[in-house]
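Results of the structural survey
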Amino acid sequence: MNAYILLCCLFLQIKSDKIFTGEVIYKLEGPGVDQDPKNLFEIDDKTGWIRSMIPLDREKYRSFTLKAFALSPSGERLENPSTIEIVVLDQNDNRPNFSQKEFAGSVYEFSVPGTSVMSVTATDADDPTTDNAILSYSIIGQESIPPLRINKTMFGINNETGAIYTRDVGLDWEVVKGFRLILQVADMSGMGLTSFANAVIHVIDINNNPPRFSPYLVSFTNKVDFVIGWVNATDNDEPGTGNWETKYTIAKGNPSRNFAIRTDPVTNEGILSVVKALDYESQEVYTLTLTVENVNPLSIKAPKNPVSSATVVVTVVNENEAPRFIKDPIEILVPESVVPGTVLASNIAYDPDNAKLKYDILRDPEGWLIINHETGEIAARKPFNVRSPHVKNNIYNAVIRVTDTDAGGISTTASLVITLRETNDFFPQLFPLMGTVCSESGRKTSGLFLTAVDEDLPPHAEPFTFHLQDINVSANWTIIQVNETHAVLRPLVELETGEYAVTVLVTDSGTPSLSAYAQVNVTVCPCGKDGECKAEAAAIFGTRVGVSFIALLVIMASIALLLLLLLLAVAVGNCRRHHMKKGEGLLVGDSDEDIRDNVLNYDEQGGGEEDEVRHYNMLQLAEPSYLVTISPLGKQPLRKDYPDNLPSPSYPRKPPADPTDIEDFINDGLEAADHDPNIPPYDTALIYDYEGDGSLAGSLSSIASASSDGDQDYDYLNDWGPRFKKLANMYDPR
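Residues numbered from 1 in each chain as written. Predicted model: local features only at pLDDT ≥ 70, side-chain atom pairs only at ≥ 80, totals over all residues. Heavy atoms only, no water.

The secondary structure content of the protein amounts to 6 helices and 43 strands. Taking all 734 residues of the protein together, the buried fraction comes to 38%. Sequence-distant contacts in the protein: of pairs separated by 6 or more residues, those separated by 24 or more amount to 66%. Carbon and sulfur atoms provide 53% of the accessible area of the protein, an area that totals close to 41300 Å². (Helix = DSSP H or I, 4+ residues; strand = E, 2+ residues; numbered from the N terminus. Buried < 20%, exposed > 50% of the residue type's maximum accessible area, 1.4 Å probe, protein only. Contact = heavy atoms within 4.5 Å. Areas by Shrake-Rupley, 256 points an atom, 1.4 Å probe, with all protein chains shown as cover.)

Moving on: the state of the cysteines. Under the criterion given, the structure shown has 1 disulfide. A disulfide bridge connects Cys 438 with Cys 527, and the sulfur atoms are separated by 1.9 Å. Because the sign of the S-S torsion sets the handedness, a value of about -100° for the bond joining Cys 438 and Cys 527 places this disulfide among the left-handed ones. Remark: Cys 527 occurs in the loop between β43 (515–525) and α2 (535–541) and Cys 438 occurs in strand β37 (residues 434–438); sequence separation between them is 89 residues. In terms of burial, Cys 438 and Cys 527 fall into one category: buried. (Disulfide = S-S within 2.5 Å.)

Moving on: the environment of Ser 411. Mapped onto the elements of the fold, Ser 411 is located in strand β35 (residues 411–421). If sequence neighbours within four positions are ignored, Ser 411 has contacts with Ala 322, Arg 401, Val 402 and Thr 403.

In this section: unusual backbone geometry. Here the bond from Asp 36 into Pro 37 is cis, since omega is -10°, no more than 30 degrees from zero. Assignment of secondary structure puts Pro 37 in the loop between β3 (25–29) and β4 (41–43). The backbone phi angle of Asn 268 is positive, close to 70°, even though this residue is not glycine. Residue Asn 268 is classed as buried on the basis of its relative accessible area of 3%. Look at Asn 394: it is not a glycine, yet its phi comes out positive at around 65°. With respect to the helices, strands and loops of the structure, Asn 394 is situated in the loop between β33 (391–392) and β34 (395–404).

Moving on: the sheet that holds strand β22 (residues 259–263). Across the sheet, which stays open at both edges, the 3 strands sit in the order β19-β23-β22 with antiparallel pairing between neighbours. Both outer strands of the open sheet, β19 (226–231) and β22, are each paired with one neighbouring strand and no more. Recorded for the sheet is a direction-independent mean angle of 25° between the axes of neighbouring strands. In terms of strand pairing, β19 meets strand β23 (residues 270–274) through 5 bridges, oriented antiparallel. From the neighbouring strand, Val 227 faces β23, where its bridge partner is Ser 273. (Pairing = 2+ DSSP bridges. Axes fitted to C-alpha atoms, helices over the stretch in contact; angles between N-to-C directions.)

In this section: the pattern of salt bridges. Tallied over the entire structure, the rule returns 4 salt bridges. Residues Arg 180 and Glu 102 are paired through a salt bridge, measuring 3.3 Å at the closest nitrogen-oxygen approach. Highlighted residues: Arg 180 in strand β15 (residues 178–186) and Glu 102 in strand β9 (residues 102–108), separated in sequence by 78 residues. Residue classification places Arg 180 among the partly exposed residues on the basis of a relative accessible area of 35%. Across the salt bridge formed by Arg 401 and Asp 360, the nearest N and O atoms sit 3.7 Å from each other. Note that Arg 401 is positioned in strand β34 and Asp 360 in strand β30 (residues 357–363), a separation of 41 residues in sequence. (Salt bridge = Lys/Arg side-chain N within 4 Å of Asp/Glu carboxyl O.)

Moving on, we come to the sheet that holds β43. Sheet architecture is open: 4 strands sit in the order β37-β43-β42-β39, paired in mixed fashion. Across the chains shown, the open sheet's two edge strands, defined by having one partner strand only, are β37 and β39 (465–468). Direction aside, the axes of adjacent strands within the sheet are offset by 40° on average.

Turning to the pairing of strand β41 (residues 486–491), a few remarks are in order. Across 4 bridges, strand β38 (residues 448–453) lies against β41 in antiparallel orientation. If you follow Leu 448 over to β41, its bridge partner there is Leu 489. Two strands pair when backbone bridges link them, and strand β40 (residues 477–481) and β41 are joined in this way by 5 bridges, in the antiparallel orientation. Residue Trp 477 lies in a different strand from β41, and its bridge partner there is Pro 491. Linkage of β40 to β41, two consecutive antiparallel strands, is achieved through a turn of 4 residues.

By secondary structure assignment, the location of Ile 50 is in strand β5 (residues 49–52). Spatially, the C-alpha atoms of Ile 50 and Leu 28 are 8.6 Å apart, while their sequence positions differ by 22 residues.

Quick look at the side chain of Asn 268 now. Looking at the element boundaries, Asn 268 is found in the loop between β22 and β23. Apart from residues no more than four positions distant in its own chain, Asn 268 is found in contact with Asn 232, Trp 244, Glu 245, Thr 246, Tyr 248 and Thr 263.

Moving on, we come to the side chain of Asp 124. Following the sequence through the fold, Asp 124 ends up in the loop between β11 (122–123) and β12 (136–145). One polar contact links the side chain of Asp 124 to the main-chain amide nitrogen of Asp 126, over a distance of 2.9 Å. Not counting chain neighbours up to four residues away, the residues in contact with Asp 124 comprise Asn 94, Arg 95, Pro 96, Asn 132, Ala 133, Leu 135 and Asp 187. (Polar contact = N/O pair within 3.5 Å; in protein donor to acceptor, adjacent residues only side chain to side chain.)

For residues with low pLDDT, the predicted coordinates do not support detailed interpretation. When the pLDDT values of the protein are averaged, the result is 76; 72% of them are 70 or greater. With pLDDT under 50 throughout, residues 2–9 is counted as low confidence; its partners more than four residues away or in other chains account for 18 contacts. Confidence drops under pLDDT 50 across residues 578–645; counting only partners more than four residues distant or on other chains, this segment forms 193 contacts. (pLDDT = per-residue confidence, 0-100.)

On to a nonpolar patch on the surface. Where nonpolar side chains cluster on the molecular surface, the patch consists of Ile 140, Ile 182 and Phe 196 and spans about 280 Å² of accessible area. Residue placement: Ile 140 occurs in strand β12. (Patch = residues over 30% accessible without salt bridge, like charges linked within 9 Å, V, L, I, M, F, W, Y side chains within 5 Å.)

Okay, the nonpolar core next. By size, the foremost hydrophobic cluster in this structure holds 27 residues, and its most contacted members are Ile 348, Phe 384, Leu 416 and Ile 418. Every element with two or more residues in this core is listed here: β27 (330–335), β28 (343–345), β30, β31 (369–371), β32 (378–380), β34 and β35. Listed in part, the 25 residues of the second largest apolar core include Val 117, Ile 164, Val 176 and Leu 181. (Core = buried A, V, L, I, M, F, W, Y, C linked by side-chain atoms within 4.5 Å.)

What the rule picks out here adds up to 9 aromatic pairs. Where Phe 98 meets Phe 103, the ring centres are 6.1 Å apart and the plane angle is 70°; that geometry is what we call edge-to-face. There is no split in this pair, since Phe 98 and Phe 103 are both buried. By way of ring pairs, the aromatic residues Phe 41, Tyr 61 and Phe 64 are connected into one cluster. (Phe/Tyr/Trp six-rings, centres within 6.5 Å; stacked < 30°, edge-to-face > 60°.)

Let's shift gears to the environment of Tyr 517. Mapped onto the fold, Tyr 517 is located in strand β43. The class for Tyr 517 is exposed, based on a relative accessible area of 54%. With 48 residues separating them along the chain, Tyr 517 and Gln 469 place their C-alpha atoms 9.0 Å apart. Residue contacts for Tyr 517: discarding those within four places in its chain leaves Gln 469, Thr 503, Val 504 and Leu 505.

Spelled out as structure tokens, the structure:
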């Protein structure tokens, strides 16, 4: 099949090169016909002419690939299909466009010709392989900012690349700040379609103008931290930049650095001030030489002029100056247990004018300090305490004031910082002071854990050491150090059940170390497999009970007997009431001795609510006398709230003659018993002993023998106090 391509007219004819006897029908397939984009081309099925149905856009569709078929009227292929390539020719129908409406660039002042400034770009949608897309750049206008400062052409542009560069000299920021250029781009090498854009080029200032002082002479007076005055220098470079910003320096006349100068960031002025006190007695006048430079270094294009300088004269005025401390803060290191009266600091301040000074303590929250108001000597008023709430990290702060005695009296204050060094001034305290251990010596877990507390701070507290001092105790007991703060007290042999007193010496690690003895009351009891006292043993041998089982039975039997005797005495009294004569006392017997002198006073030896066992007082009745004695098996318990072997207090043995003082007599006996160190401790059963054969009280039977059938007067019992009123009411016939 032959194909004829007509590119200019977009026409093409196909024709089979074979000879057919019958009719030939031509068909066309592909993009632009029966595929997207459809209906762009059509074919004459009889002649084979292909033509476009609408105008074609090369920028949208550059080419089409179609297939042509030769068919018989019945649709049978007469030969193989042919491929037809249709190429759309480009026309210059698109203008070139700049990539930006306005371009921005910059260039340093005094740049030499040929210095690159910036580049501009443009695009063209036409075929880049044709002249339709060959672009050419040009500058068609220039305007200076501010206007009319420079009239000559200062910039050029490469017509192929769009690179803009300087063409001439004379760019001076002090004269012109920038330029506005009008750019043009055209296709077909500058002969075709055109477009326009703007370019703004800023001129960058360089540091080519050093700051200059205006020559002058000034004079000021002095004050510490006081601004003396302002100096100024001019700079023609761009304000707000490092080329314009100035840096002032005191070049001469300030060897002791009494003065300083800084730059005001807004006005660019130099602020001169006094930063160190001036002494009129040592120097009256200071002549300062100031220099000024830019923050940025000068450009090599700047003129070679010397650094600008100015002279400032400062005149010192004699004034009453405040006293001065030699050190602020005043730092002192002392032990916390400093002896009162110890001098802590002296010679702490002076006055520049040699005036007499007066010293005071403004702040001393604990009142630990005392100061000599004339000499300023600081001493300790009393020992320090590192545990004070005003001591933080072992530092105690106070404030000292010194005032001169000149007219006006100027004062100065300073901080007094006292660092307290910890000393070992507290004894270690052992605890617990009581406990329970198993009676079986072979138990590894048997033992009482002990520790200690010490109010001192490290390194004067732990580690603690524990020792047994008594040789006799060491034969049965041992103490094993567990760690720095704990030890365990264990029996070495199998001990009988009961209570034991073991004296332990505990020592701290201070310098020098302190030791303290403590008596530990240990209850030895049989233990179960778990290492705890057995339930029945705990009820008898517990550290809070300490009473044997037999003693418990004796106590219960004694209580029953006492109740029986009391009931018997009440019954007898009721039977004899009608035989008593009026005017005879209830307790009046054959003896002429006042029966009140024979009343025995007893008190409970326990500690009140803190006791967890019952305590029983000894009860002694009048004749016939019945004496109940309760004594537990085992050792005598020791009282833990008093030291050993102290003498017992004197008990009041004879009641006062005045019945109204009986209550005081009873209270005195109670107080003496409470402070008796040889009685059992609060948390053990009370121990009672036989009190003797005789009774100081009259016989109970004497009440009946001394009475008659007549009535007696019992009113005198009301004078004996509240406790005898009930007895008086029982026998009073009224």
